[in-house]
Amino acid sequence: MKKPFDLSLYLVLDPDLCQQHSMVETAREAVAGGATMVQVRHKRASTTERIALARSVKEALRNTPALVVMNDDIEAAIEAGVDALHIGQRDMPAASARARIGLNMLLGLSVNSESAAQAVDPALVDYVGVGPVFATPTKTDHEQPIGFAGLTRIVAACPVPAVAIGGLKQQHVSDVLATGASGIAVVSAICGTPDPQQASRELWERILASRPG
Ligand code: TZP
Ligand code: MG
């Protein structure tokens, strides 16, 4: 069974930014502070290393509601038994990914344009990552930044829930959620901080404060 998912506070782990704490420790601390999903994204690692890392993250988050996502590496996702696979537009077609992972794993897809959002098939894809909202040094090869206006249009065009990414910090939470996005995805706002639990808690408090009702 696919697990129910909550995109509210989506941490993407980065091995270069997780300096003061290991990636596993960062995941644990971030979830203690409120992170709802944790993506293992390690471009330089081998599949074997990604499997080991994902297993360690899963173990660290075992008694929490947070979900573990694998970026790009479909074999690692299956082997580690993570909750979700996240792919980019250029990685592989969503239909191929869905055929390979089956019906029990969530599938996330990156989108950067309204046309890509309209092309999303909700029978295949469970959520989208939309961005970059702002230019960010964390991903050097990112697409053209879309800003909040672009985010609003893309979220509206998309048939599945969206999480915004790219240059997002605490002060952007309310503007992100006002676009209709379901959540905020961050790397440096959590990984690059001395206290990932505190950074997550502050983001989480802004999320709660920004929600209607
Ligand atoms: N995809 C689009 S932007 C980005 C990714 C993985 C990096 C976002 O990093 P940060 O540090 O939150 O700006
Ligand atoms: Mg990718």
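Thresholds applied
- Residues numbered from 1 in each chain as written.
- Chains lettered and ligands numbered in written order.
- Predicted model: local features only at pLDDT ≥ 70, side-chain atom pairs only at ≥ 80, totals over all residues.
- Heavy atoms only, no water.
- UniProt positions renumbered as here; feature names shortened; annotations may be inferred.
- Helix = DSSP H or I, 4+ residues; strand = E, 2+ residues; numbered from the N terminus.
- Contact = heavy atoms within 4.5 Å.
- Areas by Shrake-Rupley, 256 points an atom, 1.4 Å probe, with all protein chains shown as cover.
- Lys, Arg positive; Asp, Glu negative; His and termini not counted.
- Charge placed at Lys NZ, Arg CZ, Asp CG, Glu CD.
- Core = buried A, V, L, I, M, F, W, Y, C linked by side-chain atoms within 4.5 Å.
- Buried < 20%, exposed > 50% of the residue type's maximum accessible area, 1.4 Å probe, protein only.
- Donors = N, O, S within 2.8 Å, 3.2 Å for Na, K, Ca; no water.
- Phe/Tyr/Trp six-rings, centres within 6.5 Å; stacked < 30°, edge-to-face > 60°.
- Near = heavy atom within 4 Å.
- Polar contact = N/O pair within 3.5 Å; in protein donor to acceptor, adjacent residues only side chain to side chain.
- Nonpolar A, V, L, I, M, F, W, Y, C, P; charged D, E, K, R; others polar.
- Expected span 1.5 Å × (residues − 1).

- In the nomenclature of an unreviewed UniProt entry, the protein corresponds to Thiamine-phosphate synthase from the organism Dyella humi.
- One UniProt comment on the protein, placed under Pathway (unreviewed entry), says "Cofactor biosynthesis; thiamine diphosphate biosynthesis; thiamine phosphate from 4-amino-2-methyl-5-diphosphomethylpyrimidine and 4-methyl-5-(2-phosphoethyl)-thiazole: step 1/1."
- The UniProt entry for the protein carries this comment under Function (unreviewed entry): "Condenses 4-methyl-5-(beta-hydroxyethyl)thiazole monophosphate (THZ-P) and 2-methyl-4-amino-5-hydroxymethyl pyrimidine pyrophosphate (HMP-PP) to form thiamine monophosphate (TMP)."

1. Some words on the overall build of the protein
Reasoning step 1: A tally of helices and strands in the protein yields nine helices and eight strands.
Reasoning step 2: Dimensions along the principal axes, computed over C-alpha positions, put the protein at roughly 40 × 40 × 35 Å.
Reasoning step 3: Within the protein, contacts between residues separated by at least 24 positions form 59% of all contacts whose residues are at least 6 apart in sequence.
Reasoning step 4: Total accessible area on the protein stands at roughly 9600 Å², and carbon and sulfur atoms take up 52% of it.
Reasoning step 5: The average position of the 19 basic charges and that of the 22 acidic charges among the side chains of the protein differ by 2 Å.

2. What to know about the nonpolar core
Reasoning step 1: Counting residues in each nonpolar core, the largest one holds 76 residues, and the members touching the most others are Tyr10, Leu13, Val57, Leu85, Val128 and Ile184.
Reasoning step 2: Excluding its chain neighbours within four sequence positions, the residues that come into contact with Tyr10 are Thr36, Met37, Gln39, Val69, His86, Tyr127, Val163, Ile184, Ala185 and Val186.

3. Overview of the coordination of the magnesium ion (ligand 2)
Reasoning step 1: Coordination of the magnesium ion (ligand 2) by the protein involves Asp72 (OD) and Asp91 (OD), with metal-donor separations of 2.1 to 2.4 Å. Highlighted residues: Asp72 in the loop between strand S3 (67–71) and helix H3 (74–80) and Asp91 in the loop between strand S4 (84–87) and helix H4 (94–101), separated in sequence by 19 residues.
Reasoning step 2: The class for Asp72 is partly exposed, based on a relative accessible area of 23%.
Reasoning step 3: What makes Asp91 partly exposed here is its relative accessible area of 36%.

4. Re the packing of aromatic side chains
Reasoning step 1: In the structure shown here, the tally under the stated rule is three aromatic pairs.
Reasoning step 2: On the basis of an interplanar angle of 55° and a centroid distance of 5.9 Å, the ring pair of Tyr10 and Tyr127 is categorised as tilted. With Tyr10 in strand S1 (residues 9–13) and Tyr127 in strand S6 (residues 127–130), this pair connects stretches of sequence that are 117 residues apart. This pair shows no difference in class: Tyr10 is buried, exactly as Tyr127 is.
Reasoning step 3: Ring centres 5.3 Å apart and planes at 85° place the aromatic pair Phe134 and Phe148 in the edge-to-face group.

5. Some points on unusual backbone geometry
Reasoning step 1: A cis amide bond, omega 0°, links Gly131 with the succeeding residue Pro132.
Reasoning step 2: Looking at the secondary structure, you find Pro132 in the loop between S6 and helix H6 (147–157).
Reasoning step 3: Its identity is not glycine, yet Asp72 carries a phi of approximately 70°, on the positive side.

6. Structural notes on the site of ligand 1
Reasoning step 1: Near ligand 1 the following residues occur: Arg41, Thr136, Thr138, Lys139, Ile165, Gly166, Gly167, Val186, Val187 and Ser188.
Reasoning step 2: Take Gly167: an N or O atom from its main chain is 2.7 Å from an oxygen atom of ligand 1.
Reasoning step 3: Contacts to ligand 1 include Ser188, whose side-chain N or O atom sits 2.5 Å from an oxygen atom.
Reasoning step 4: The protein chains hide 93% of the 370 Å² of surface that ligand 1 would expose on its own.
Reasoning step 5: Along the lines of polarity and charge, the residues of the shell around ligand 1 split into three nonpolar, five polar and two charged.

7. Details of helix H2 (residues 47–60)
Reasoning step 1: Across its 14 residues, H2 extends 20 Å between first and last C-alpha, which sits within 8% of the 20 Å expected from 1.5 Å per residue.
Reasoning step 2: Inspection of H2 places Arg50, Ile51, Leu53, Ala54, Val57 and Ala60 among the buried residues, and these make up the whole buried set.
Reasoning step 3: Those residues of H2 that are buried lie in contact with S1, helix H1 (23–33), strand S2 (37–40), S3 and H3.

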